[in-house]
Structure formats: C-alpha cells, structure tokens
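Listed below, chain by chain, are the residues.
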Amino acid sequence: MRKITFFLVPLFLTTALAQAQLPAFFKINEKYKNALELLEQEKYAAASALFYEVEQNATVETPQSEKNTDISNIKINAEYYRAYCALALDNDDAEQLFKLFIKKHPESPRAKQAYFQVGKYYFNQGDYQEALDWFTKVSSVDLAGKEDAEYKFKTAYAYFETNDYASAKPLFSLVKDGDSKYREQATYYFAYISYLDKEYAVALKNFEKLKNSKTYEASYPYYISAIYYLDKRYDDVLAYAVPIVENTKQLRETELLRIIAASYFAKNDYTNALAYYERFMKQDMGKTQNNHDSYQIGYTYYKLKKYNQAIEQLGKLINDQTAYSQAGLYTLGDAYLTTKNKQGARNAFQFSSKMDFDKQIEEEALFNFAKLSYELQFHNIALDAAQEYLKKYPRSKHLNEAKTLLAKVLLSTKNYKEAIDILEGIDDKTEDAKEAYQKVTYYRALEFYNERAFENSIGLFLRSNNFPVDKEIFALATYWCAEAMYEVRKYSESVNYFENFLGMPASRKTDLYNYANYALGYAALEGENYPKAATYYARFLNGNEKDPKTIKDATLRLADAYFGAKNYDLALGYYNKIIAQGGSSQDYALFQRGIIEGLQNQPQVKIATLESLLAKFPNSNYADDAGFEIPYTHFLIGEGDKAKTDLTAFIQKYPRSSYVPRALVTIGLVNYDQKNDQAALETFKRVIAEYKSTDEAQQSLKLIQKIYLDMGNATEFINYANTTSIGNYTTSEQDNIMFQAAYSQYLRGNWENAIESVNAYFDKFPKAIQDKQAKFIRAESYKNLGKYAPAIIDYEYILNDWTSEYTERALISISKIYLSTKQYNEAIVHLKKLEIASEYKANYSFAINNLMVAYAGIKVPDQTLLYVNLVRDYEKSSEEDRNKAGLYAGKAYLLLADTVKAKKEFEGVVKATKSVAGAEALYNVAEIQYQQKDYKASQKTCFQLINDMPNYDYWGAKSFILLADNYVALKDKVQAIATLKSIIENYEGDDEIVETAKTKLKAINGK
C-alpha cells in the first residue's frame, strides 16, 4: 500500500503542482516582458530591478518541461539584461556582471553579446586597447541590427584612438555606407583618415557629405578648405571658407585663416591676404607659424609697401635653406634698400646669393650684393663678388652693367694688386677702366713706396702715367715717381720728373706743388747739381710754405747748395741767417761758416767761429768736428806746437771720435816737421797699431817708410812692416782679393756664398786686415738667412772694439734680431749702448724708437712712456715716429688702467696718420668704447677704421669681430651673424681672426 501511495501521491502532487506552476510561469514571463518594455524605454534602473526579480524567482519542476526551459532562458536573459542596464547606467558592477554571466553561461548565445558589452564598458571608460581585446572576441555575425553597426563603429574608433588607422579605415567605411546612428561619425573619421593618407579626392567626397552636419560643422570645413588649397582651387577655398570663418566658430580657425590668407596670396590679392594673415598671426602667436608662412607674410607686407613689417617677417628666414627662403631673403634685401638700410640689404642679398634653388634669383642677388658692397665701401668683397658674377654669368643681361660696376669697384678698391691683375686682363678698356687702371696702379705704387720698395713703385708710377685720364693723378704719379727716383739715388732722373711735375697745370691743384721745389732741390743737391739745387730751394722759399721747420731746413740746404757750387758768399749769407734764427741747426751752420772762412783764407776767423760753436754747443754732434778742425787749422798755418797740444787734448776728450786717427797723423806730421823723427815714428806706429783698418794707417805706413828711408834704415822698415798687418803688401793684396770676393757675394745678396767666402778668408788670414768688416758682412748674411746665433757671435766680436766704424751698425743689426725674436731684454741692453754711444742722429733715433717698443714688449709702462717722450721731443723724429710714440703711449696708459689718457693718445694718432699705427690706434679707441658699453660709438669707430683704412686687413678684420660684439650687445643677432659669417668666408690671413669669428658665431647660435 505504501508503494501504491507513493506513486499516487506524486501523481497527484505533480498534477497539482503543474496546475499551480502555470500561473507562476506567466507571472515571471509578465515581469520579464515588463522589464523588456522598460529597457526599450531606456528606463534602465526600473528594468534592472524587474530583471533582478525574474532572476530571483524559484524554479518548480513540472511535467511541462518546455515551460521550465522557457523560464530558464528568461532568467538567463534577465541576467544578461541586468548587466546591460548596469552598463547603460554606468554602474561600477557592470563589468563584473557581464564577466559573471560569461562564466555561468558560456554556451549561451548571449555570451558573445556579453563580450561586446564588456568591450563597450572599457570603451566608455576610454580604455580603447582593453576594449579592442574584448571586441576582437566577437564577430560581426554574432551581432545583428543596431548592435552590429555599433560594434563596427566602436571597434573602428578604438583602432583610431590607438593610431591603427589601417584597421580602423575599412570598418569606418562599412559603417558610413550603412544606415545607423554612427553613419555620420564614421563618415567623418573615414574622411579624416583618407586625408592623412593623402587620398584627397576620397577625403573631399566624404567631408562634403557632412556639409549639413551639426556635429562636425566646426571641424570638417578646415579639411575641405585644405584639400581645395592643396588642389590649387583657390577660388573654391575663398568661396567656401570665407563665409564659414566669418559666420561660424571653427575648432581650427587659426589654420583656416592661414589657408584663406595663402589663397589670397596665391591670387596676388595682397590686401585681403594681409587681412587674414594678420588675424592668423594674432591668434597663432607664433606657435605654428613656419618659415613658409613668414615668407608669404613678409612678401605680402612688401607688396603693400609696409617695409618695416616685411623686414621683421622676412628676417626670420636668415638661417633657413629653402627655395622660398632664397626668394624671401632677396625680397628682404629690396625692403632694406627701400628703407635706406644698405647694410641690411647687402647681408640679405649675400645670403640669397648663396642658395641655388632659383638660378635667376641667385644671379640677381649676387649682382645686388656686389653693387651694395661697392656702395658701402667693402671694396675687396665687392671686387670678389663682381669677379664671381662675371665668371658665373658671362652672358647675363647685366653683363655691361656688371663690367661697369667692376670698373667702379676697381676705381675705389684699395686691394690694388688684384685690381691691377684684373684690369690688365681687359684688352679693350673703356674710359672708366682706363681711369681705374690709372688710379689703382698709382695707389699700388704708393704702397710700394711706403714699403720702401722704390724700384717696384717706379715701374707702377710709369704704368699709371700710360693712361693720363685723371690729370691730377697723372701729376701726383709724376711727383712720387720723382721721389722714388731720389730714394734709389737716380738723382738726375728724379730732377727731370720733378721738373715735369712742376710744368703740369694740374700740379698747382695739389698740396705738393711748392713742396716739389724743395724735393727737387734735394735731388739736385744729392746729384751734385748745385746751381739747380740752389734755384729750386730759392723758389721753394719764395712760395707759400708755412711750416717753419721746413723753411729753416730749406734755407740750410740752400746754403749747402751755394757751398757746393763754391758760391761761398751766398752760402755764408744763408748760414748766417740760420745762426741768427737760432734753433737746432745753428751748430751745423756755425761749423759750415767756419769751413767757408777757412776756404776764404781766413784761418783765424775760422778758428774763432769754431771756438764759438764749442762754447755755445759743447754737446753738439759737430763738437768733435770743430774740436779737430781748430787745431788742424793751427797746423795748416804753421802753429805746430799749438796744433800738437790741442790735438793731444782733443784725443783725450774724444777718444772714440773718428777724427782720432787723423789727429794722431797730424801730431806725427808736426813732429816730423820739427825733425822729431822718433816721436813722429811712435805716433805713426800708434796709428797703425790702434787703427790698422783706417786710411790714416796706410798714410802712416808711408810716412814711416819715408822716415826710415830718410834715415837709411830700409831693412828696419821692412822688418817693422812685416810685423804689422798692413806691411806685407803681397799678403795685403791677397787679403784684399779674398775679402773683395766675399764682399761681392754679399753685395749680390748671395748670403750662403758670402758666409763661405768669409770663412775661407779667415782660414787664410786668421788675423785679417778687414776682420771687422768681414765679420760684419758674415753676421749680416747669417741674419738675412735667419741664422741668428752665429750672427750674434760676429756682432759681439765687432762690439768689443768701440772705435770700429761698424760698431753702431752692429748694434743696430743685433738689436733688430732680438726685437724680431721678441727677446726684448737683450734688445734693450744693446739699444741702450746705441743710445749712449751713437754718433749719427739716425742711429740715435733708431735706439730711442726701439727702446720704446722693447719696453712695451716686456710691459714696463713707465719706461715705455719715458721713451715715448724722448721720441716726441727729439728734433729729428719724423711725424710717423711721433705717431707711433702716441700709439705706444696709449698702450702704456692701458697697462696703467688710465683709459682716459690712453684714449686721448689713440685719438691723437688717428687724427695724425692713416698708417698701420693709425689703424691700430683707432681699433683701440673702438675697444675702449666697447668696454665702456658705448656700443653705438664703438660701432661708428669700427666702420671708420674699415672704410678709411682698408689696406690693413688684420685691423679691419678685428674691427669686424668687434662690430659683431657690438651687434650682440645691441641685440641685433641678424647683423652679428652676417658680420661673423662674412669674416669666416672672406678673411685670408694666417692668424687667429677666423677661429675667433667661428667661436663667437657658435656662441651666438648657441644662445
């Protein structure tokens, strides 16, 4: 019974439960349907609550298994949709709900959708790479309808955001061609990727589909405009973009303004182009503006004659190397010209000419650079540029103009050597070329003259005069040719050229006209044409000369001319005039008067005059001359005892005088006349012993011979003669021959041969007669070969004998060696000796000038200034010596940190001369101004040096570097860079200049 009951009860219960479960199913199903309706209505929170209730209803087993299956599916769907609602509500548990669903129901068709929904979750979070990891687990076939379109779009967008445009593009293409809410977005991104891929036609077609889009109305117009512009559809750009930018707010408005401006620029509508470029620049604030923009903006300003703004924009292209930069810099040059800034224009044209993108611009820029270099007096650079132009463009339309320019450059250039070479290559010279040739040969000749290369200068003066276009230059070349002839001792030719000069009408326009009479007088005087010398000295004195020193010298030389012509009365008159005037030449005039009085047979008057000379001028350079002539005159008039006494006193007073041998011979003659042969012999032998290389020694030997012969002691004379270095005549003759061989080589400048010959001479005659002269020429030869050590040994040998005629010359030469090798302390030792012992004024002048240099070399400013003052005060110092003294004074004051006095000295030198001393002084002025931060003044001084003293390349180049420093200090980087680059490209000196320029340029660019 229990078993039967068992089966009955379940049957009853099952039937009952089944009947009871049906309402439960419908109830669950009803909730599920209500939830779906709420889901459709996007009431996600309410829908989620109902879905949750469906999930929580207990399942009752009934015989109606299909109902159980339905309920199970409903619950599975409810789980899925509750996760979906959580995702829609952006709840934190959305991800976990989907992942739980996938884990519980991997076999469910909804699982694939769940993968998609998790991907959407990460997509919504902006984690596109994670979203892609989930999206790629789903296939488009797993989704349908709206979800399929959403899947494709969001997968494409995730690829887009991860920069995988190649994967994104085909998906966007599928969505844009479908019918979904993502169609517009997909179209935009597809068009954008096509634009990036430079598929402009495809991009344009799709961007144009968005013309009514509110979503993208602030972005797609830029791309449409850009594509029109790239396709050179400038009218389409303007028709389309202008209304948009004026009436709507665009995301890329700045770029759109640039495209509009560029389109107007392309159509040469510069007024409208400028309006939009200025709006572009105001918004952009330099963030995206590139060199191409700067070129077009600058060119637009230029075309509208707004040159300052054009210069500002085009100046940004200075370091760019592109075709539009070449054109822009050329335009910049023209803008600078219009604003009268030739320096800026020159630099711009130079940069433009260095680029070869546009051959015509390159040619025009080089031509303009050459012209402006000439106009700004960069003569050497202008010359190079003109030469380069003619070489590169021999068939240019500017050919004739370029040749004319070259002629003008050569006319003004101070690079005379190269100018001559170029002009001599022109066979058929125009009048301009002839005039240029006349002048450059003249100025090159002057350079040779100033370098004391007189033979070279003469040749060029004569070549200059082959083209007498400019009459004044013709006259000046004739004058200086005469001066050069004088310097090479062609006195007759010098006189002829001076007379030619004086006969030219143009000579009267020069400052040299009257001075030529003075110079001609000197030439005639040196050529011993005394009457002519007197004539022209007299003409000079009757002229308009104002300088009292020159007038006095001319008066003195006029007296010398009359003296040479033996017109003693007139000579005496002018010597007396000098004496009456007083001054530095009074002692010489007194001496000459005494000589004339002697020649006029007035010995006592002569003696009185010479004694007055010694009384008034005991330290005169002519004191020893007068000191000898007085007793010698007593000798001539038979006052032997008086002569002998005074000559003995003379020797004691002037032991180093060149008159000592003559004085001794005269004493010997007095003794001889007085029959005091033994005393005479002793005196004559002293001359031979102490002054063996003098004429007086030879005269003494002859007198000794006479005395011995008179005594009948010829053998004793011969024995004595053999004991002397001058008595063995055969040896003397051999000695003389060997010496003359060495001397001949020396005179020819064969230094090595001269040394060998002197060595052979000493090998033959260890006690050579002319040992000092031989050692001197050997020393000079060594010096000329740069072999200073053996030269110094020979010079020191000579200097052991202070009576040698080579003493002063040796002191000069050894000093020059030590000066050239910057051994200033050694130089000072010898220069001091020369200063004290020199008999010749020129040698004294050499000593004090170079002591000034030497003390400056060892940086002893007090001693430097001492010798500066000696040079200035010395009456025989030339103007150039005094100018050089001013330069060294300035340097000394700089060492003493007295910039005020230093600057005053330098400025004095600059005012006085345009020599290298003037150039160095002017540079020091500019350096002081720069150190004092007076940059404008320093700039002006630099340009003064560059323009007024262009022959001194080194100081010119240093001025350019200092000029660049001034530009940097004044924040003019463009000019500083251009200046330094010009030095680097053009300077050819072998010194520190180029390396210094490169270092400074690197420093500027680094900033």
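Only a predicted model underlies this, so the values are computations on that prediction, with no experimental measurement involved.

Q: Help me understand the overall build of the chain, please; the structure alone is not making it clear to me.
A: Within the chain, the regular secondary structure consists of 53 helices and 0 strands. For a compact globule of 1007 residues, the expected C-alpha radius of gyration is about 30 Å, and the chain comes in at 54 Å, more than 25% above that figure. Principal-axis analysis of the C-alpha atoms gives the chain an extent of 205 × 75 × 50 Å. Here the chain holds 1007 residues, and the buried ones make up 51% of them. Accessible surface computed for the chain: about 49,500 Å², of which carbon and sulfur atoms make up 49%. Mean positive and mean negative side-chain charge positions of the chain (124 and 132 charges, respectively) differ by 3 Å.

Q: Explanation requested: the environment of Q698 in the structure shown.
A: Position of Q698 among the secondary structure elements: in helix α37 (residues 695-710). Q698 sits in the partly exposed class, given a relative accessible area of 33%. In this structure the C-alpha to C-alpha distance between Q698 and D991, which are 293 residues apart in sequence, comes to 56 Å.

Q: What should I look at first to understand the pattern of salt bridges in this one?
A: Side-chain pairs of opposite charge can arise whenever the charged atoms involved come near each other. For the structure shown, the criterion picks out 40 salt bridges. The shortest N-O distance in the salt bridge between E255 and R252 comes to 3.8 Å. K434 serves as the salt-bridge partner of E431, at 3.7 Å between the closest nitrogen and oxygen. Separated by 3 residues within a single helix, E431 and K434 lie in helix α23 (residues 431-450), roughly one turn from each other. Each member of the salt-bridge network shares a partner with another, and the members are K359, E362, E388 and K392.

Q: Would you mind going over the nonpolar core with me for this structure?
A: In a soluble, globular protein the nonpolar side chains are often hidden away together inside. Judged by nonpolar contacts, the single largest core of 292 residues is most densely connected at F51, F172 and F207. Per-element tally for this core: the top contributor is helix α25 (residues 471-487), with 10 residues. Core analysis: the next-biggest nonpolar cluster, separate from the first, contains 26 residues, A680, F684, A697 and L701 among them.

Q: Would you take a moment to explain the layout of surface pockets for this structure?
A: If a probe as big as a water molecule is rolled over the atoms, it shows which places are left empty. Estimated volume of the second largest pocket: approximately 760 Å³. The wall of the second largest pocket is formed by 24 residues, among which Y44, Y84, K146, E147 and E150 lie closest to the centre. For the lining of the second largest pocket, the secondary structure elements donating two or more residues are α1 (2-40), α3 (65-88), α5 (110-125) and α7 (146-161). Here the residues of the lining of the second largest pocket sort into 10 nonpolar, 4 polar and 10 charged.

Q: How should I be thinking about helix α29 (residues 548-564) in this particular structure?
A: Every α-helical turn comprises 3.6 residues, leaving residues that sit three or four positions apart pointing alike. Compared with the 24 Å implied by 1.5 Å per residue over 17 residues, the 24 Å span of α29 between its first and last C-alpha is a close match. Across the 17 residues of α29, 12 count as buried, placing the element largely inside the fold. Turning to α29, the residues buried within the fold contact α27 (513-526), α28 (530-541), α30 (568-581) and α31 (586-599). Of the residues flanking the end of α29, it is K566, one or two places downstream, whose phi is positive at about 65°.

Q: Could you clarify how one ought to interpret helix α33 (residues 623-636) in this entry?
A: Between the first and last C-alpha of α33 there are 20 Å, a value that for 14 residues agrees with the 20 Å anticipated at 1.5 Å per step. Burial of α33 is extensive: 12 of the 14 residues sit out of reach of the surface. Restricting attention to buried positions, one finds in α33 the residues A623, D624, D625, A626, G627, F628, E629, I630, P631, T633, H634 and F635. Where the residues of α33 are buried, they touch α31, α32 (603-616), α34 (640-653) and α35 (660-673). Among the residues trailing α33, G638 stands out with phi positive, at a value near 90°.

Q: Looking at this structure, I do not really get the side chain of N465. What am I missing?
A: Secondary-structure assignment places N465 in the loop between α24 (454-464) and α25. Polar contacts involving the side chain of N465 include one to the side chain of T478, which spans 3.3 Å.

Q: Please clarify how a negative patch on the surface should be interpreted in this entry.
A: Side chains of D384, E418, D953 and E988 sit close together on the surface and give a patch of like negative charge. The topology assignment puts D953 in helix α51 (residues 953-969). According to the relative accessible area criterion, D953 is partly exposed, its value standing at 45%.

Q: Looking at this structure, I do not really get the packing of aromatic side chains. What am I missing?
A: Between two aromatic rings, the relevant description is the distance of the centres plus the angle of the planes. The tally for this structure, following the rule as stated, stands at 73 aromatic pairs. Each ring, one from Y746 and one from W751, has its centre 5.8 Å from the other, and the planes form 65°; the classification is edge-to-face. Given the relative accessible area of 24%, W751 is considered partly exposed. Cation over ring: R252 sits above Y222, and NZ or CZ is 4.0 Å from the ring centre. Seen from the ring of F378, R346 lies directly overhead, with NZ or CZ sitting 4.0 Å from the centre.

Q: Looking at this structure, I do not really get empty space enclosed by the protein. What am I missing?
A: Per the counting criterion, the structure on display carries 2 cavities of 30 Å³ or more. Empty space within the largest cavity amounts to approximately 50 Å³. Lining the largest cavity are Q343, R346, N347, F378, F943, F960, L963, Y967, A978, T979 and S982. Elements represented by at least two residues in the lining of the largest cavity include exactly α18 (342-353), α51 and α52 (973-986). Along the lines of polarity and charge, the residues of the lining of the largest cavity split into 6 nonpolar, 4 polar and 1 charged. Put simply, the second largest cavity is a space of about 40 Å³. As for the second largest cavity, its lining consists of I318, L332, Y336, G344, N347, A348, V974 and Q975. Looking at the lining of the second largest cavity, the elements that each hand over two or more residues are α17 (323-338), α18 and α52. Ranked by residue count, the leading element in the lining of the second largest cavity is α18, at 3 residues. A per-class count over the lining of the second largest cavity returns 5 nonpolar, 3 polar and no charged.

Q: Just checking my understanding: could you explain the confidence of the model for the chain for this structure?
A: Low pLDDT marks stretches whose predicted atomic positions should not be read closely. Mean pLDDT over the chain stands at 86; residues scoring 70 or higher make up 93%. pLDDT under 50 marks residues 1-21. Its contacts with residues more than four places away, or in other chains, come to 11 contacts. Long-range and interchain partners of residues 60-67, a stretch whose pLDDT sits below 50, account for 12 contacts in this model, where long-range means more than four residues apart.

Q: Help me understand the packing of α30 against α31 in this model?
A: Orientation of α30 relative to α31, taken along the N-to-C sense of each, is 150°, at an axis distance of 9 Å. Relative to α31, α30 is oriented roughly antiparallel. For the pair α30 and α31, the crossing hand works out as left-handed. Two secondary-structure elements touch here, α30 through Y568, A571, L572, Y575, N576, I578 and I579 and α31 through Q586, Y588, A589, L590, Q592, R593, I596 and L599. Residue classes in the contact of α30 with α31 are distributed as 11 nonpolar, 3 polar and 1 charged.

Q: In this structure, what is going on with unusual backbone geometry? I would like to understand it.
A: Trans peptide bonds make up most of the peptide bonds, and negative phi angles are found at most residues other than glycine. Of note, the phi angle at K675 is positive, near 65°, even though the residue is not glycine. Note that K675 resides in the loop between α35 and α36 (677-690). A relative accessible area of 72% means that K675 is categorised as exposed. Of note, the phi angle at K822 is positive, near 60°, even though the residue is not glycine. Note that K822 resides in the loop between α43 (807-820) and α44 (824-837).

Q: Before we go on, may I ask you to explain the packing of helix α46 (residues 861-873) against helix α47 (residues 879-895) in this structure?
A: Any two packed helices are characterised by how steeply their axes cross, that is the angle between the axes, and by the distance between the axes. Where α46 contacts α47, the axes come no closer than 9 Å and their chain directions differ by 160°. On the basis of their axis angle, the class for α46 and α47 is roughly antiparallel. For the crossing formed where α46 meets α47, the hand is left-handed. Judged by residue contacts, P861, T864, L865, V868, V871 and R872 of α46 engage D881, R882, A885, G886, Y888, A889, A892, Y893 and L895 from α47. The residue makeup of the contact of α46 with α47, split by class, is 10 nonpolar, 2 polar and 3 charged.

Reading the values: rules and limits
- Counting restarts for each chain: residues are numbered from 1 in the order of the written sequence.
- The predicted origin of the model limits local features to residues at a pLDDT of at least 70 and limits the giving and counting of side-chain atom pairs to 80 or more, whereas totals for whole chains, interfaces and linings rest on all residues.
- Working from all heavy atoms in the structure, the side-chain values ignore hydrogens and water.
- Numbering of helices and strands runs from the N terminus, with a helix taken as a DSSP run of H or I at least four residues long and a strand as a DSSP run of E at least two residues long.
- Between the two quantities, the radius of gyration covers C-alpha atoms and the globule rule is 2.2 Å times the number of residues to the power 0.38.
- To sort residues, take the accessible area from a 1.4 Å probe on protein chains only and compare it with the maximum for the residue type: under 20% means buried, over 50% means exposed, and anything in between is partly exposed.
- Calculation of accessible area relied on Shrake-Rupley with a 1.4 Å probe; when residues are assessed, cover is drawn exclusively from the protein chains displayed.
- Only four residue types enter the charge count: Lys and Arg as positive, Asp and Glu as negative, with His and the chain ends excluded.
- For charged residues, the charge sits on one atom: NZ in Lys, CZ in Arg, CG in Asp, CD in Glu.
- One speaks of a salt bridge when a side-chain nitrogen belonging to Lys or Arg is within 4 Å of a carboxyl oxygen belonging to Asp or Glu.
- In this text, buried Ala, Val, Leu, Ile, Met, Phe, Trp, Tyr and Cys residues form a nonpolar core when linked through side-chain atoms within 4.5 Å.
- Any residue with an atom within 4 Å of a point lines the site, the site being either a cavity, points on a 1 Å grid over the protein atoms alone where a 1.4 Å probe fits but cannot get out, or a pocket, an open set with protein on both sides within 12 Å along at least 5 of 7 lines.
- Grid points are joined across faces, edges and corners, and a volume is the space filled by probe spheres set on the points.
- Gly counts as polar in this scheme, as do all residues outside two lists: the nonpolar Ala, Val, Leu, Ile, Met, Phe, Trp, Tyr, Cys and Pro, and the charged Asp, Glu, Lys and Arg.
- Any helix carries an expected span of 1.5 Å times its number of residues minus one.
- Note on definitions: a residue-residue contact is assigned when non-hydrogen atoms from the two residues lie within 4.5 Å.
- Pairs of N or O atoms within 3.5 Å make up the polar contacts considered here, provided that, within protein, one atom can donate a hydrogen while the other can accept it, and that residues adjacent in sequence are counted only when both atoms are side-chain atoms.
- Without a salt bridge and with relative accessible area above 30%, a residue can belong to a patch; like charges are then joined within 9 Å and nonpolar side chains (Val, Leu, Ile, Met, Phe, Trp, Tyr) within 5 Å.
- Pairing of aromatic side chains requires ring centres within 6.5 Å, counting the rings of Phe and Tyr and the six-membered ring of Trp. Pairs whose planes differ by under 30 degrees are stacked, by over 60 edge-to-face, and all others tilted.
- Look at NZ for Lys and CZ for Arg. If either is within 6 Å of the ring centre and within 35 degrees of the ring normal, a charge sits over the ring.
- A score between 0 and 100, pLDDT records how confident the predictor is in each residue.
- To get an axis, a line is fitted to the C-alpha atoms, and for a helix only the part in contact is used. The angle between two axes follows their N-to-C directions and goes from 0 to 180 degrees.
- By the definition adopted for this analysis, an angle is roughly parallel if under 35 degrees, roughly antiparallel if over 145, roughly perpendicular if from 65 to 115, and oblique otherwise.
- By definition, any crossing whose near helix is turned counterclockwise from its far helix by less than a right angle is left-handed, and any crossing with a clockwise turn is right-handed.

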